[in-house]
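Breakdown of the fold
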Amino acid sequence: MPTVSVENYLKTIYSLQAEGDRVSTKVLAGALDVSQPSVTSMLQSMATEGLVEYQPYRGALLSEFGRRMALQVIRKHRLIEMFLVETLGYTWDEVHDEAEALEHAISDLLAERMEAFLGHPQFDPHGDPIPTADGHVHHRDVIPLHEIVPGMSVRVARVLDQAPDVLRHLNSVGIVPDSTIEVIDVLPFDGQMTVRVQDSDVPLSRNLASRIVVTEA
């Protein structure tokens, strides 16, 4: 059974790998807030266990075995988040840290029972896809909100920012998964947007809008 540290490396590499190919030790060190020598040592160990393909100065890539292990951790994390919201009354800005702690403790069997109890949800409270037990990840055709032009109405699919204060703000203005928003205006010099949500006009910075992904309404 992998250690908590190894599981954290696996899911972090999976997340960073989704944005490109190999993940450099520098980028991984920054994401995990550890030293580059520590990352190098861990990657060498994980390569020996068949979890990653590691090349000095080129970084790491998850093996198929490592990818499956990463998805198991991510699956548990997102099921826990959904369980906390649906059964214990947590809000979406409260669940991330709780799930970070609990994801390493629950068994595959408990994850399966939670999934069945929840009705086999495909997405967590933030709109992130919940991998299935066999490693399938649900995909939707999405586009970052900041790329939407004025006059278009879209549906929020996923919020990528996990910061509690950001989530609380978005919730307060009604920007949550499955909500419909209309882009009213985009400033040409800095990309700030004005969107209409439930008859209210809401300003969004370009940076925040880039962390919200949407589908056609």
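Residues numbered from 1 in each chain as written. Predicted model: local features only at pLDDT ≥ 70, side-chain atom pairs only at ≥ 80, totals over all residues. Heavy atoms only, no water.

1. A closer look at the overall build of the protein chain
Along the backbone of the protein chain there are eight helices and eight strands. Expressed as a percentage of the 217 residues in the protein chain, the buried residues total 41%. In the protein chain, once contacts between residues fewer than 6 apart in sequence are set aside, the share between residues at least 24 apart is 60%. When the 17 basic and 32 acidic side-chain charges of the protein chain are each reduced to a single mean position, those positions are 5 Å apart. (Helix = DSSP H or I, 4+ residues; strand = E, 2+ residues; numbered from the N terminus. Buried < 20%, exposed > 50% of the residue type's maximum accessible area, 1.4 Å probe, protein only. Contact = heavy atoms within 4.5 Å. Lys, Arg positive; Asp, Glu negative; His and termini not counted. Charge placed at Lys NZ, Arg CZ, Asp CG, Glu CD.)

2. Re helix α7 (residues 164–172)
Taken together, the buried positions of α7 are occupied by Val166, Leu167 and Leu170. Along the axis of α7, the buried residues cluster in a sector spanning 95 degrees; they form a single face. Pointing more than 90 degrees away from the buried face of α7 are the exposed residues Asp165 and Ser172. Gly174 occupies a position one or two residues after α7 and carries a positive phi of about 90 degrees. (Arc of directions from axis to C-beta.)

3. So, the pattern of salt bridges
Counted under the stated rule, the structure contains eight salt bridges. Close ionic contact of Arg168 with Asp93 constitutes a salt bridge, the shortest N to O distance being 3.2 Å. Of this pair, Arg168 sits in helix α7 while Asp93 sits in the loop between α4 (64–88) and α5 (95–102), placing them 75 residues apart in sequence. Classification of Arg168 by relative accessible area gives partly exposed; the value is 45%. Look at the salt bridges and you will find they share partners, linking Lys11, Glu100 and Glu103 into a network. (Salt bridge = Lys/Arg side-chain N within 4 Å of Asp/Glu carboxyl O.)

4. Re the sheet that holds strand β3 (residues 143–144)
If you trace the six strands from one edge of the open sheet to the other, you get β3-β8-β4-β5-β6-β7, paired in antiparallel fashion. What marks the edges here is a single partner per strand, and that holds for β3 and β7 (200–204). In this structure, strand β4 (residues 153–159) lies alongside strand β8 (residues 212–216), joined through five bridges in antiparallel fashion. Paired with Arg155 across the strands is Thr215, a residue of β8. (Pairing = 2+ DSSP bridges.)

5. Topic: the domain arrangement of the protein chain
On domain assignment, one finds that the protein chain holds domain 1 (4–62) and domain 2 (143–216). For domain 1 versus domain 2, the separation of C-alpha centres amounts to 32 Å. (Domains from an automatic or database assignment.)

6. Notes on the environment of Ser35
Turning to its location among the elements, Ser35 is positioned in the loop between α2 (25–32) and α3 (36–48). It is 32 Å that separates the C-alpha atoms of Ser35 and Arg206, two residues lying 171 residues apart in sequence. Of note is the side chain of Ser35, whose polar atom sits 2.9 Å from the side chain of Ser38. (Polar contact = N/O pair within 3.5 Å; in protein donor to acceptor, adjacent residues only side chain to side chain.)

7. Structural notes on unusual backbone geometry
Phi at Tyr57 takes a positive value of approximately 70 degrees, unusual for a residue other than glycine. A relative accessible area of 88% means that Tyr57 is categorised as exposed. Non-glycine residue Asp178 carries a positive phi angle of around 80 degrees. Along the chain, Asp178 turns up in the loop between α7 and β5 (180–186).

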